[in-house]
There are 2 protein chains.
Amino acid sequence: MKNKPQGRVLPEKIEGYGVVRPYGLSSVHTPEIKGKDPSGSSRKVLSSLEEAFRRSEIRDGMTVSFHHHLRDGDLVVNMALDVLAGMGIKDLILAPSALFPVHEDILRHVRSGTVRSIQGSVNGPVGRAASGGLFDVPIILRSHGGRVRAMETGELAVDVAVLAAPTVDEMGNVSGVYGPSACGSLGYAFADARYAKHVIAVTDNLVPYPAIPFSLPQTEVDWVVPVDRIGVPEKIVSGTLRITRDPLRLVIAEQVARVIEESGLFEDGFSMQAGAGGISLAASAFVRERMKARGITGSFISGGITGQSVEMLEEGLFTSLLDVQSFDLEAAASLARNPRHAEMGASFYASTASKGCVVDMLDVAVLGATQVDTSFNVNVNTESDGVLLHGIGGHMDTAAGSRLSVIVTPLLRGRMPMVVDHVHTITTPGETVDVVVTERGVAVNPRRKDLLENLRGKGIPLLDITDLKRMAEEMTGIPAPIPFGERIIGVVEYRDGSVIDVIRQRL
Amino acid sequence: MKNKPQGRVLPEKIEGYGVVRPYGLSSVHTPEIKGKDPSGSSRKVLSSLEEAFRRSEIRDGMTVSFHHHLRDGDLVVNMALDVLAGMGIKDLILAPSALFPVHEDILRHVRSGTVRSIQGSVNGPVGRAASGGLFDVPIILRSHGGRVRAMETGELAVDVAVLAAPTVDEMGNVSGVYGPSACGSLGYAFADARYAKHVIAVTDNLVPYPAIPFSLPQTEVDWVVPVDRIGVPEKIVSGTLRITRDPLRLVIAEQVARVIEESGLFEDGFSMQAGAGGISLAASAFVRERMKARGITGSFISGGITGQSVEMLEEGLFTSLLDVQSFDLEAAASLARNPRHAEMGASFYASTASKGCVVDMLDVAVLGATQVDTSFNVNVNTESDGVLLHGIGGHMDTAAGSRLSVIVTPLLRGRMPMVVDHVHTITTPGETVDVVVTERGVAVNPRRKDLLENLRGKGIPLLDITDLKRMAEEMTGIPAPIPFGERIIGVVEYRDGSVIDVIRQRL
């Protein structure tokens, strides 16, 4: 066998090595990239999204993923679906990390047959339509950890990932912290870039190579498509998020801080995740005061990061922020400038297929609910009226990983009790829920005798969860049953891919 | 089918979803990590390397990888092999990214049967022993890009990666820029962490969680083993590297700068890689002067980074450094403080299995040689005496990717000609080599007529490569043939995994 270009004679097989595949000129360059091309640049930059889909070999029935870091300001999902519809593509499976009201347009594409189903997270109008029976096949709901785990195991095989890229260079290095549509962390897009077969970065800010620091590397991006606008800035990141002024919610927040303070975990090295809800922000503010008063230096705040988290970092109350999603302008700006404010991908945050994620190290998670039941099971997907309106987020992930998971909820919303005998949908299983805090009292999961011991005699109004349920029902009466049909419109996957519940059509 | 913990009745199969695997309590937590364990910390921290190997299920014949960022100051390879020998493990395949004189100890473990073969890079005493026929099976030599590509494709399947970790936290987040054995970039270890089945981080600097910024994430690390010392600091990173004062080498360096200046690539956005050899450093110094004189702002410097690169970044001559290996203290310190100085993994640097790597964007690569032949093929593995002494490094990767690859070599070393009819070993194929620069003249590859055009009439002493060969032989005479045996002791893989040459036993 002759290795022609060099005139070298190579054996066909080498003992202890195996069969020889001889060198040939054709294999010099990266297959994805042309070689010593004098035109050099722009080898990945395409003039249209349609061309990018074509080069990604898009076909009927494929799975297309999106990230949600541009939130309600995202223009890319609708743009991409319009292009795909225009190309006559049918039966797509969408795999968004979350959806927002702006994505109501998806419904049109479901009706026309462009979109067949959704896996990941559905929210708002798309969830409502799903509850009404719009989709032919069930929605698969996954947590942030569950979605990335499914990509890591191959259960969710993405054919084409379409990345809204606030900044990108010609080779596909993507950053979220700069550009007119800056959104901060791109944590939920890490897995899409890594695991999708074809990756398209759509941008309104193409910058000179190399765009560093970057969040997603060129090694994972196939195509770069410049467009006029990928987002509506004022809808991407909000200004400073407001702490609730509602007295009832402030009572809840204060009790949350008291529970944390007496939990046995409130000491140096303490870590927490609270999110951006009004009660959570207020609870964080109370925790902040107590940390100062007691001279405690925490370890990290994780998850969705707010300006308040940034202030706590800068005050030295925590040593670091682990940011999977930047909720406001302050968080996005801090991520760009402070090395102690680190971006993390969803796998690092919450995947059970990883070798250990951040939620495994978390002390306290403060979490919301649309319903809690007397077995401490939590519903975050369906509202009291049985309609699918929310994704799972990191709820079941942080509840499972954290040493103390605290569910916050007013006892009533509208005229509906929030503590019930059986939640419509089990999102997060009761055995991972430690405390439920309402304005009328605090219920500790009986499994956590150690915690109950710590909280007793500290002026915290401890009640049995069944007392909370009774108090709620005394005020509202027992709500009429919801008219569900037999048809399953949603499957709630637990973070490990098992099925924890199903959601039935709302008649 | 009953989902017992919740009392939920789930169907066994859901139309449009498939078979239901029902949720069960056992699956709440990350399998690698215990759940809400009150002992919390130290879940990955083990008391000995032996325990870490045991938990990694080490067995005879497995593949164990190492990175070389601690260079000749590395204590981890020898430490690990002593432990493995003590455990009675046999027939290991070692996959180091490079070896240094300190690793001569490996020879003992080859003789005892603990180590059977090496894939990746061999250097110095181990290479010499291989040339002498020590190993039963051929060494497989791979470039930095080729090594990571082989991991990405599964051709090189690492069972256990042992990472020298200058800083690590209890969950396995590893950084190279801090700690008593700080080495700067950990670029060559990225793939080991990602692709090895089991990953052990050995450290002399265990820090509080989370160690941010980190280079290797906890999601990829199984075990953390604290030891007294992982390195000898003064042998890990050198002080400031010295530019050659040898007049002959300075002539070469000046010609390199002239070639670059007139190549047609010397304009704003210019990128280069030169490395830390004496001629390369001097060439960079001349380029630096010419950039200042002509007011050129370059794009990036890539590869192994030196203090000189850092100064050029800080002077604004380049916008960024892409650092796969920090050669000196200045480079390591800059990586820690300057966001425009970015760490990159070997895949990002040079893998043909990636969707485009840095070498694909490189304008100029200045590279060394142990021999060049009249077809522009370059040998960097074997010396003129036919003995295997060097790994490939990024040589064939940068030559293939760059728009201008410049080979620098004195015409003679000792009494041996460096330009010959046929190199002993083809490491980098002639069709990827553009120019050979010696102190006696500059030879342009006839394939590059465009380049020849640019360089003509600029006072550069252009010669035919056969003239260089003739001039060398006139001074030395034609060297006597080297007594090679028939037995193949090394296989040189090209960056894409094809075989470009074999190395035979030196008799």
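Residues numbered from 1 in each chain as written. Chains lettered and ligands numbered in written order. Predicted model: local features only at pLDDT ≥ 70, side-chain atom pairs only at ≥ 80, totals over all residues. Heavy atoms only, no water.

Would you mind going over the relation of the copies chain B and chain A in detail, with residue names and values included?
When chain B is fitted to chain A, the residual RMSD is 0.0 Å, and the transformation amounts to a turn of 180 degrees plus an axial shift of 0.0 Å. The transformation just described matches what one would write down for a two-fold rotation axis. Judged by C-alpha distance, Pro339 of chain B is the residue of chain B that lies nearest the rotation axis, at 4.5 Å. Mapped onto chain A, 100% of the interface residues of chain B are again interface residues, and the two copies thus contact each other with one and the same surface. (Least-squares fit on C-alpha atoms with pLDDT ≥ 70 in both. Contact = heavy atoms within 4.5 Å.)

A description of the pairing of strand E12 (residues 198-203) of chain A should follow, citing residues and the corresponding values.
Within E12 of chain A, 6 of the 6 residues are buried, leaving the element largely enclosed by the surrounding structure. Residues His198, Ile200 and Val202 of chain A point to one face of E12 of chain A and Val199, Ala201 and Thr203 of chain A to the other, with burial holding for every one of them. (Buried < 20%, exposed > 50% of the residue type's maximum accessible area, 1.4 Å probe, protein only. Helix = DSSP H or I, 4+ residues; strand = E, 2+ residues; numbered from the N terminus.)

Describe the sheet that holds strand E20 (residues 371-373) of chain B, listing the residues and the values that go with them.
Residues and elements named next belong to chain B. The sheet built from 3 strands is open, its strands ordered E21-E20-E25 with mixed pairing. What marks the edges here is a single partner per strand, and that holds for strand E21 (378-379) and strand E25 (419-420). Direction of pairing for E20 relative to E25: parallel, over a ladder of 2 bridges. Following the sheet pairing, Asp373 is matched in E25 by Val420. (Pairing = 2+ DSSP bridges.)

Account for the confidence of the model for chain A, with residues named and values stated.
All names here are of chain A. Scored by pLDDT, chain A comes out at a mean of 94, with 95% of its residues at no less than 70. In this model residues 1-5 is a low-confidence stretch, pLDDT under 50, and it forms 18 contacts with partners more than four residues away in sequence or in other chains. Complex prediction metrics read pTM 0.95 and ipTM 0.94. (pLDDT = per-residue confidence, 0-100.)

Outline the packing of aromatic side chains, listing residues and values.
Aromatic ring pairs are defined here through the distance separating the ring centres and the angle between the ring planes. Counted according to the given criterion, the structure contains 10 aromatic pairs over all chains. The structure contains a cluster of three or more aromatic residues connected by ring pairs, namely Phe266, Phe270 and Phe318 of chain A. Lying across the ring of Trp223 of chain B, Arg55 of chain B places its NZ or CZ 5.1 Å from the centre. (Phe/Tyr/Trp six-rings, centres within 6.5 Å; stacked < 30°, edge-to-face > 60°. Lys NZ or Arg CZ within 6 Å of the ring centre and 35° of its normal.)

Quick one: what's the story with the packing of helix H9 (residues 278-294) of chain B against helix H10 (residues 307-314) of chain B, residue by residue and with numbers?
All names here are of chain B. Remark: H9 packs on H10, axes separated minimally by 10 Å, with the N-to-C direction vectors making an angle of 10 degrees. One element, H9, and the other, H10, form an angle in the roughly parallel class. Here Leu281, Ser284, Ala285, Arg288 and Met291 of H9 come into contact with H10, specifically with Gln308, Glu311 and Met312. For the contact of H9 with H10, the per-class residue count stands at 4 nonpolar, 2 polar and 2 charged. (Axes fitted to C-alpha atoms, helices over the stretch in contact; angles between N-to-C directions. Parallel < 35°, antiparallel > 145°, perpendicular 65-115°, else oblique. Nonpolar A, V, L, I, M, F, W, Y, C, P; charged D, E, K, R; others polar.)

If you had to explain the domain arrangement of chain A to someone new, which residues and values would you point to?
Residues and elements named next belong to chain A. Each assigned domain of chain A is listed with its residue range as follows: domain 1 (49-119 + 156-236) and domain 2 (247-506). Distance from the C-alpha centre of domain 1 to the C-alpha centre of domain 2: 30 Å. Listed as interface residues are 13 residues of domain 1 and, on the opposing side, 13 residues of domain 2. Carbon and sulfur atoms supply 52% of the area that domain 1 and domain 2 bury against each other, a total of about 1000 Å² over both sides. Contact with domain 2 buries surface across domain 1, with Arg71, Ser185 and Tyr188 losing the most and accounting together for 46% of the total. If you look at where domain 1 meets domain 2, you find 0 salt bridges. (Domains from an automatic or database assignment. Buried area = accessible area lost by both parts, 1.4 Å probe. Salt bridge = Lys/Arg side-chain N within 4 Å of Asp/Glu carboxyl O.)

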